[in-house]
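Observations on chain architecture
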Amino acid sequence: MPVPAAKQPSTESQTAVADLATELTEAGIEDVLTELDNELVGLTPVKTRIREIAALLLVERVRRKLGLSSEPPTLHMSFTGNPGTGKTTVALRMADILHRLGFVRKGHLISVTRDDLVGQYIGHTAPKTKEILKRAMGGVLFIDEAYYLYRAENERDYGQEAIEILLQVMENQREDLVVILAGYADRMEKFFRSNPGFRSRIAHHLDFPDYADGELLAIGELILAKQNYKLSDSGREALARYITARKQQPHFSNARSIRNALDRARLRQANRIVRSAADLKITSETLITIDAPDLLASRVFGQDATANSPLSDETESTFD
Ligand SMILES: Nc1ncnc2c1ncn2[C@@H]1O[C@H](COP(=O)(O)OP(=O)(O)O)[C@@H](O)[C@H]1O
Ligand SMILES: [Mg+2]
């Protein structure tokens with residue numbers, strides 16, 4: 001972590017710098033950041049921002065110890081980006097960082113949407129929202145597609161009640177709860193415009209870009225490696241072709257589409273192996289390899305490609 005060691009002359013500031021280095025090691029922050037770099041493909045701007053935030057928190061922690069700050073810092077964040085760009089994954093790591101640095105007691109993450117917070121009937125919303133907040137205390141409350149809390153067309157919508165409770169807790173209990181609002185960038189921007197109270201309580205905005213084709217391929221290989229699978233050379237080519245084709249189709253959701261595609265590819269691979277069990281000597285190489293046909297049978301490639309596949313009649317609602 002690039003925390004520059006200041007070259008100040010006084011003993012007092014030298015003590016502080018020494019503390020910073022100790023804090024850094026003790027909190028194990030460098031490990032989390034290295035893991036973040038290694039286990040998540042791409043996301044360079046996000047990773048840079050997280051390092052900056054971690055540095056800020058670390059300094060804040062030392063300042064607190066030296067009695068240089070008293071107010072609890074505002075740590076609420078917004079994560080904007082298209083589906084499958086890694087927002088939830090990064091939020092989990094952020095919860096870990098906040099916990100290691102002592103900004104939340106427990107470091108767990110509760111992920112919710114409007115339906116978890118807002119009731120259907122009068123009087124149901126406040127208890128629902130409060131119950132979620134109680135569970136999230138000491139950790140991170142991740143509100144996915146947060147803008148659904150606000151319905152401009154209906155001023156008596158129960159979402160408003162949840163918003164008011166959230167705003168209050170975000171202000172008054174910020175030493176014990178970090179709220180992350182997530183969703184599409186444009187809708188979030190609109191939401192903030194109608195609800196300036198939220199914007200003013202958000203300290204860090206992180207934007208998650210769409211992945212490039214090469215990044216999606218690398219993500220695919222990483223996902224498979226974690227499951228003890230790998231792509232054959234032709235399998236890798238097939239996945240690259242898959243990515244190009246899949247992006248043209250509806251409901252594409254970045255890394256999630258890749259994960260779904262690979263789940264189905266593993267299904268086809270298993271089927272292929274079982275069908276050929278009689279005349280194929282099954283080695284561990286056979287069992288760990290995803291080959292081109294396992295991917296090319298996807299309906300992403302159209303009717304012709306799937307005609308001969310036993311799994312061509314997929315009924316999933318997605319195109320993966
Ligand atoms: N940069 C990345 N590297 C590796 N895997 C990723 C990356 N981004 C996302 N994934 C994987 O893609 C899936 C969807 O990511 P997620 O964090 O749920 O996205 P979002 O919350 O933005 O919709 C998860 O299985 C996650 O592990
Ligand atoms: Mg998510």
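Above: the structure in question.
First things first, this report covers the structure right here in the doc. (Residues numbered from 1 in each chain as written. Chains lettered and ligands numbered in written order. Predicted model: local features only at pLDDT ≥ 70, side-chain atom pairs only at ≥ 80, totals over all residues.)

A positive phi angle, near 65°, is found at Asn-228, a position not held by glycine. Locating Asn-228 in the fold gives a position in the loop between α10 (213-226) and β6 (230-231). Owing to 9 C-beta atoms within 10 Å, Asn-228 belongs among the exposed residues under this scheme. In this model, Asn-254 sits at a positive phi of 40°, which is unusual for a non-glycine residue. Summarising the element assignment, Asn-254 is placed in helix α12 (residues 254-275). (Helix = DSSP H or I, 4+ residues; strand = E, 2+ residues; numbered from the N terminus. Buried ≥ 20, exposed ≤ 12 C-beta atoms within 10 Å, placed from the backbone.)

As a further point, take the site of ligand 1. Around ligand 1 sit 17 residues, and of these Gly-86, Lys-87, Thr-88, Thr-89 and Ala-255 come closest. Partitioned by chemical class, the residues of the shell around ligand 1 number seven nonpolar, seven polar and three charged. (Near = placed C-beta within 6 Å. Nonpolar A, V, L, I, M, F, W, Y, C, P; charged D, E, K, R; others polar.)

At a minimum axis distance of 10 Å, the contact between α10 and helix α11 (residues 233-247) shows a crossing angle of 130°. By the angle between their directions, the pair α10 and α11 is classed as oblique. Along this stretch, α10 crosses α11, giving a crossing that reads as right-handed. Touching Asp-213, Leu-216, Leu-217 and Gly-220 of α10 are Leu-239, Ala-240, Ile-243 and Thr-244, all from α11. For the contact of α10 with α11, the residue count by class is five nonpolar, two polar and one charged. (Axes fitted to C-alpha atoms, helices over the stretch in contact; angles between N-to-C directions. Parallel < 35°, antiparallel > 145°, perpendicular 65-115°, else oblique. Left-handed = near helix turned anticlockwise from the far one by under 90°. Contact = placed C-beta atoms within 7 Å.)

Two pairing modes exist for strands in a sheet, parallel and antiparallel, and in both the strands are linked by backbone hydrogen bonds. Taken in spatial order, the five strands of this open sheet run β2-β3-β4-β1-β5, and their pairing is parallel. If you trace the sheet from one side to the other, it starts and ends with β2 (109-112) and β5 (204-208), each paired once. Averaged over neighbouring strand pairs, the angle between their axes works out to 20° when direction is ignored. In the sheet, strand β1 (residues 77-81) pairs with β5 via five bridges, with the strands oriented parallel. Counted as the bridge partner of Ser-78 is His-205 from β5. Taken strand by strand, helix α6 (residues 125-136) contacts β2 and β3 (140-144), and its axis lies near 155° from that of β2. (Pairing = 2+ DSSP bridges.)

Attention now goes to the environment of Phe-142. Turning to its location among the elements, Phe-142 is positioned in strand β3. Taking the C-beta count within 10 Å as the criterion, Phe-142 has 25 such neighbours and is therefore assigned buried. A sequence separation of 36 residues divides Phe-142 from Val-178, and the C-alpha atoms of the two residues are 8.5 Å apart. Apart from residues no more than four positions distant in its own chain, Phe-142 is found in contact with Thr-88, Ala-91, Leu-109, Ile-110, Ser-111, Ile-180 and Ala-182.

Let us now look at the packing of helix α2 (residues 29-39) against helix α3 (residues 44-65). Where α2 meets α3, the closest approach of the two axes is 11 Å, and the angle between their N-to-C directions is 175°. The angle between α2 and α3 falls in the class roughly antiparallel. For the pair α2 and α3, contact is made by Ile-29, Leu-33, Leu-36 and Asp-37 and by Lys-47, Ile-50, Arg-51, Ala-54 and Leu-58, respectively. Partitioned by chemical class, the residues of the contact of α2 with α3 number six nonpolar, no polar and three charged.

With that settled, the discussion passes to the nonpolar core. Soluble globular proteins tend to pack their nonpolar side chains together in the buried interior. Counting 48 residues, the largest nonpolar core has Ala-91, Leu-98, Val-140, Val-179 and Ile-180 as the members making the most contacts within it. The element that contributes the greatest number of residues to this core is helix α4 (residues 87-100), accounting for six residues. In this structure, Ile-180 is in contact with Met-77, Phe-79, Ala-91, Val-140 and Phe-142, ignoring residues within four places of it in sequence. Formed by 21 residues, the second largest nonpolar core is a distinct cluster that contains Val-41, Tyr-211, Ile-243 and Val-300. (Core = buried A, V, L, I, M, F, W, Y, C linked by C-beta atoms within 7 Å.)

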